[in-house]
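Single-letter residue listing:
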Amino acid sequence: MRKNILLALTWLSFTIFYQVSGYTKGVGHVPSIVLQPAFKSTPLINKLRIAAKTVQGKVTSEAGETLIGVTVVVKGTTIGTSTDASGNYTIEVPDNGGILVFSYIGFITKEVMVGNATILNVTMVPDAKALEEVVVVGYGTQKKSDITGAVASIPKERLEMVPNLNVAQAIQGAIPGVVVQTTSAGASPNQSIMVRGRNSITANNDPLIVVDGVPYGGQLNDINPNDIQGIEILKDASSAAIYGSRGANGVILITTKEGVKGKPTFSYNGKYSIMGLTNLPDVMDGGEFYKFKMDRRPQHMTEYEKANFEAGKWIDWYDLALRKGASQDHNIAMSGSTENVKYYLSGGVIDVRGLAVKDDFLRATSRINLDVKFTNWLSVGTRTQLSLTDQSGIPANFDDILKGNPLTTPFNEDGTLTIFPWPGNEDHVNALENTVWNNTSKSYQVITNNFALINFPFIPGLSYRLNSGIRMTLDDDATYIGRNSTTGFKERGRSETKRAIFNNTILENILSYSKEFGKHNIFATSVFSFEKNTFNATLINAQGFPHDILTNFSVREAKLIEPNYLYNSTHLISQMLRVNYSFASRYLLTLTARRDGYSGFGSNSKWGTFPSVAVGWNLNEEAFFPWKDFFSNLKLRASWGLNGNQAVGAYQSISRLSTLNMVDAKETVAGYEPSVLGQENLGWESSRTINLGLDFGLLQNRLSGDVNFFKTNTTDLLLKRTISGVHGITSITQNIGETQNTGLELSLNSKNIQTSNFRWHTNGNVSYIKNKIVSLYGQLNEQGQEIDDVANAWFIGQPIAVNYGFEWLGTWQKEEETEAAAWKSQPGFVKLKDVNGDGVLDGRDRTILGQRDPKLLWGLTNSLTYKNFTLNVFVHGVHGVTKQNTLMSDRGTQNEIRRNTIVKDWWTPNNPTNNWVMNNADAEIMSGQVGVYYQNASFIRIKDVSLSYDLPKNFIGKIRLNGVRVFATGRNLYTITKWTNGTDPELNDQNNIPLQKELVFGLNLQL
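Let me begin by describing the structure that accompanies this report. (Residues numbered from 1 in each chain as written. Predicted model: local features only at pLDDT ≥ 70, side-chain atom pairs only at ≥ 80, totals over all residues. Heavy atoms only, no water.)

### Some remarks on the sheet that holds strand β7 (residues 122–124)
No. 1: What the 3 strands build is an open sheet, ordered β4-β1-β7; its pairing is mixed. The open sheet has two edge strands, β4 (88–94) and β7, and neither has a second partner. Adjacent strand axes in the sheet meet at a mean angle of 35°, parallel and antiparallel pairs treated alike.
No. 2: As defined by bridge partners, strand β1 (residues 52–61) adjoins β7 across 3 bridges and the pair is classed as parallel. The partner of Ser61 across the bridge, within β7, is Met124. (Pairing = 2+ DSSP bridges. Helix = DSSP H or I, 4+ residues; strand = E, 2+ residues; numbered from the N terminus. Axes fitted to C-alpha atoms, helices over the stretch in contact; angles between N-to-C directions.)

### A look at the pattern of salt bridges
No. 1: What the rule picks out here adds up to 35 salt bridges.
No. 2: One salt bridge in this structure joins Asp295 and Lys291, with 2.9 Å as the shortest N-O distance. Highlighted residues: Asp295 and Lys291, both in helix α6 (residues 286–296), separated by 4 residues, approximately one helical turn.
No. 3: Of the residues examined, Asp295 reaches a relative accessible area of 46% and is grouped as partly exposed.
No. 4: The exposure class of Lys291 is exposed, given its relative accessible area of 53%.
No. 5: Here Lys904 ties to Asp890 by a salt bridge, and the two come within 2.5 Å at their closest N and O atoms. Taken together, the residues Lys904 in the loop between β46 (882–884) and β47 (925–926) and Asp890 in the loop between β46 and β47 connect sequence positions 14 residues apart.
No. 6: With relative accessibility at 8%, the residue Lys904 sits in the buried group. (Salt bridge = Lys/Arg side-chain N within 4 Å of Asp/Glu carboxyl O. Buried < 20%, exposed > 50% of the residue type's maximum accessible area, 1.4 Å probe, protein only.)

### Regarding the environment of Ile419
No. 1: Looking at where Ile419 falls in the secondary structure, it is placed in the loop between α9 (398–402) and β22 (438–455).
No. 2: Here the alpha-carbon distance between Ile419 and Asn430, two residues 11 residues apart in the chain, equals 6.8 Å.

### A word on empty space enclosed by the protein
No. 1: The tally for this structure, following the rule as stated, stands at 11 cavities of 30 Å³ or more.
No. 2: Volume-wise, the largest cavity comes out at about 270 Å³.
No. 3: In terms of lining, the largest cavity is formed by 24 residues, of which the most central are Pro163, Leu165, Gln169, Gln996 and Glu998.
No. 4: At the level of secondary structure, the elements contributing two or more residues to the lining of the largest cavity comprise β17 (265–277), β18 (325–337), β19 (341–353), β51 (963–977) and β52 (996–1006).
No. 5: Element by element, the count of residues in the lining of the largest cavity is highest for β17, at 4 residues.
No. 6: Here the lining of the largest cavity is built from residues that sort into 9 nonpolar, 10 polar and 5 charged.
No. 7: Two domains each donate at least three residues to the lining of the largest cavity, and these are domain 2 (134–260) and domain 3 (273–648 + 683–801 + 852–889 + 932–1006).
No. 8: Counted as a void, the second largest cavity has a volume near 190 Å³.
No. 9: Considering the residues around the second largest cavity, the lining is formed by 22 residues, among which Val179, Val180, Pro854, Val878 and Phe939 are closest to the centre.
No. 10: For the lining of the second largest cavity, the secondary structure elements donating two or more residues are β11 (178–184), β44 (856–866) and β45 (869–879).
No. 11: Broken down by element, the lining of the second largest cavity gets its largest block of residues, 4 residues, from β11.
No. 12: Looking at which domains feed residues into the lining of the second largest cavity, each of domain 2 (134–260) and domain 3 (273–648 + 683–801 + 852–889 + 932–1006) supplies at least three. (1 Å grid on protein atoms, 1.4 Å probe; cavity = no way out; pocket = protein on both sides within 12 Å on 5 of 7 lines; lining within 4 Å. Points joined across faces, edges and corners; volume = space filled by probe spheres on them. Nonpolar A, V, L, I, M, F, W, Y, C, P; charged D, E, K, R; others polar. Domains from an automatic or database assignment.)

### With respect to the nonpolar core
No. 1: Formed by 48 residues in total, the largest nonpolar core has its most connected members in Tyr318, Val352, Phe398, Ile401, Leu432, Trp916 and Met926.
No. 2: Of all the elements in the fold, those that place two or more residues in this core are α6, α8 (317–321), β19, α9 and β42 (830–832).
No. 3: One finds Ile154, Ile175, Ile193 and Ile223 within the second-largest nonpolar core, a separate group that totals 24 residues. (Core = buried A, V, L, I, M, F, W, Y, C linked by side-chain atoms within 4.5 Å.)

### Some thoughts on a nonpolar patch on the surface
No. 1: There is a patch of nonpolar side chains on the surface, built from Leu591, Val613, Val615, Trp640, Ile690, Leu692, Phe709, Leu744, Tyr768 and Leu856 and spanning about 820 Å² of accessible area.
No. 2: Every element with two or more residues in the nonpolar patch is listed here: β28 (607–618) and β34 (685–698).
No. 3: Position of Leu744 relative to the elements: it lies in strand β38 (residues 738–754). (Patch = residues over 30% accessible without salt bridge, like charges linked within 9 Å, V, L, I, M, F, W, Y side chains within 5 Å. Areas by Shrake-Rupley, 256 points an atom, 1.4 Å probe, with all protein chains shown as cover.)

### Comments concerning the packing of aromatic side chains
No. 1: For the structure shown, the criterion picks out 22 aromatic pairs.
No. 2: For the ring pair Tyr318 and Phe398, a centre distance of 6.2 Å and an interplane angle of 45° mean the geometry is tilted. One end of the pair, Tyr318, is in helix α8; the other, Phe398, is in helix α9, and 80 residues separate them in sequence. Comparing Tyr318 with Phe398 shows no difference in burial state: the two are buried.
No. 3: Residues Tyr598 and Phe601 carry aromatic rings whose centres are separated by 4.8 Å and whose planes lie at 70° to one another, so their mutual orientation is edge-to-face. No difference in accessibility class separates Tyr598 from Phe601, as the two residues are buried.
No. 4: Above the face of the Tyr216 ring, Arg471 is positioned so that its terminal group lies 5.3 Å from the ring centre.
No. 5: The ring of Trp812 carries Lys831 above its face, with NZ or CZ at 4.9 Å from the centroid. (Phe/Tyr/Trp six-rings, centres within 6.5 Å; stacked < 30°, edge-to-face > 60°. Lys NZ or Arg CZ within 6 Å of the ring centre and 35° of its normal.)

### Remarks on the sheet that holds strand β13 (residues 208–211)
Two modes of strand pairing occur in sheets, parallel and antiparallel, and in both the strands are linked by backbone hydrogen bonds.
No. 1: Strands sit in the order β10-β15-β16-β13-β14 across an open sheet of 5 strands; the sheet is mixed. Among the strands making up the open sheet, the edge pair consists of β10 (151–153) and β14 (214–216). Strand-to-strand twist across the sheet, computed as the mean angle between neighbouring axes with direction ignored, equals 30°.
No. 2: Bridge analysis of β13 against strand β16 (residues 251–256) gives 4 bridges, and the strand direction is parallel. Considered in β16, the bridge of Val211 is made with Ile254.

Structure (structure tokens):
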């Protein structure tokens, strides 16, 4: 008997262990144990054995919409699952029945008795209050209906099924008022982000990035998009005022994933993409270049070029510098929770083989997100990420590739690069030389944000949270330029090494109090924080190596060694108080004040205070509101606030000296000279913003959206003012000048069609932004008008970033020969506009030729789902942009026509076109003034098209999977633009790596 009881207890222990650990879905799935016959027949075992049965079904909303990710749990147990992309679920329950609990954000939790049923289809009812409890606002969350500021969220679709290398790519076109521009392409493209336009003239316009509640100063490329749960953007002064001197340019809040209630889950997300070119400039081939040079400067045609032309040895430099691009992205994640522990563990690697030879990007990341509840009043947690980024290798200089002479020789007969591709012309560098440089470029980063949360049991609603954040980045960069390249051969080897360490430490004390009494609700948050940033780097440049064998490791043997050391450190101390009040969920008030002290500011301007106030009115909550059946949500918002732009460098406000060494008796003697004159009043740029908003939802939110109008005046701009050179310094930086930004934003979300098998949703946004310079230095002319800064192209009343030059009218034609001669020109040459009509072309005829920042931008996403198929199409547009097209000039070919250019429709007497000038070295000059060609850089781009299929639940259930999705995505598929003869209108530099389009194949698995 004892033996049987002992065996029974052992079997029971195994059952409990596997149940709690989540390795089984029911008692029936405990690993098999061989029992003795006597044991199998004991009454105790017969009672312990509980058979299990499978229940499956589909979960939908009242409107028939499929609900994805609904948590399904057997009440009183840890047995659980979640619905797949089709809303289906499968779960094993005890044979004697039980109760299934269905829970989902935004819906009322529902309990269903199983009974004898094996198929349970469930319809969930929306919970209007719960729908609004998931918005992150900084230092906490708020109900969406209680938000008084302009806060926007990124649709989750932008984070899935698309090849996002970083967060900026997901944001682009998804949020009104947020300008994301791809400034350069390649394996790791660069994006610039501006929230509501350009506020500053010379200072940084980038928004503040906050990850899991802690300000983040690293690269967006270091954050794995697969780990992101949500992204919110604080756009107005009221919502961003909690970040004080760093909130003037908006705030991007990134929240990473955490464990959810239920059984442990394992997921795999994989993508493989094939890359191709969106557009490539039409560069002249060898024959076209030969004719171009003979027509333009035949006396400079060399025998070497002529011989290669006649032999047909024409080189396509683009073909040599480009390749087929590809990338692969693999991510695994495990998450789950018990009653007191939530966890999320992930690892990911992305390997990009760019279109350009030697343009590679590798990122490996791992993340641990852990929340532990020790008692009802004490919880601790961590958000920790480790990352490695490897961008070793240097692609060719694409300015040299684009303009490379096609009648030169890139390779020797043995396949090595030619040192001098143009014999007799040693100044001509091989355009591919970068590809043979020995380069290492790696970055190692540790980010750990930890917290402890105390909910005081003796004062309900009062809590204290301690946040500590540490980020350390180590950059390891080393380049050796050997004798197998033009540069290395001339310098007998050159080495450039850099080791840099960046440390960031943050400590935040957050005290919160929440209380609801009657119809009144108050939520107060106070913060005291400290932040320290330290950067130090060691740089060594050397040349003149005895050999290339040990590369930069033999730097001490070089003839010339130039060491350097960089260091800076800043401190920030902040205090913040925010009070949110609501009455009956109708009248809303938010008051915020933040005080910052920054070490980089002048001695008289160390501290600044940034207040804000916002109000809201939920009209649909009023008893007298007559259209409650039509409007499910209608809220008016208004806010005013002051934010800062902490754009002052670590030591910019103090006087400094620069090195000026002297030679005395053949010896170098250290010397110094004044370089910066200290400014004790130097401080931050201040932005005052007014925001008026309207949130609306119609017909049970079948149509919803918001409208925002804003006006921002930024004062105390950081500008350099010219002073007398008596001190040896000709300019100082001061807080002077003012700009103004105004704009209108509209966001719409529509559920066009919703049936049990088909649904069609549309999300769209559009925004108009206008900025202008209100004041610069305060200097007035004789008419009492403030003087412009023509040298920097800054004009009162005009946008900050404008093009300024001569207006290109076209080409002088044969019938205009007499008029052209009056301007000392001729037919076929450029015709520039005499703006003031005085018959003289000079600096007074220069005019503003459009702006470089967009005036209008929009994004449109259509999502169509039929059964298990989903099609997403995302299109975005940028309008009102004018840029210089640097490729539309022949002057870069140089006087001796040593470099190439793109094919153009050149003017000739037999081809009197107005598209371009004639092939003549002076054709782009009129009256001594050089014409610059500007083009409309607006565009509409089909950005992403994704088609996905979710395998049926009854099929994947047989192989013990909870979800399988396969998908294909196309990126940058087609662009509509008036931009011609360039790589892409979005890129800043047309002489660089072209923009790529991608075809992505993906697989998502969930266990």
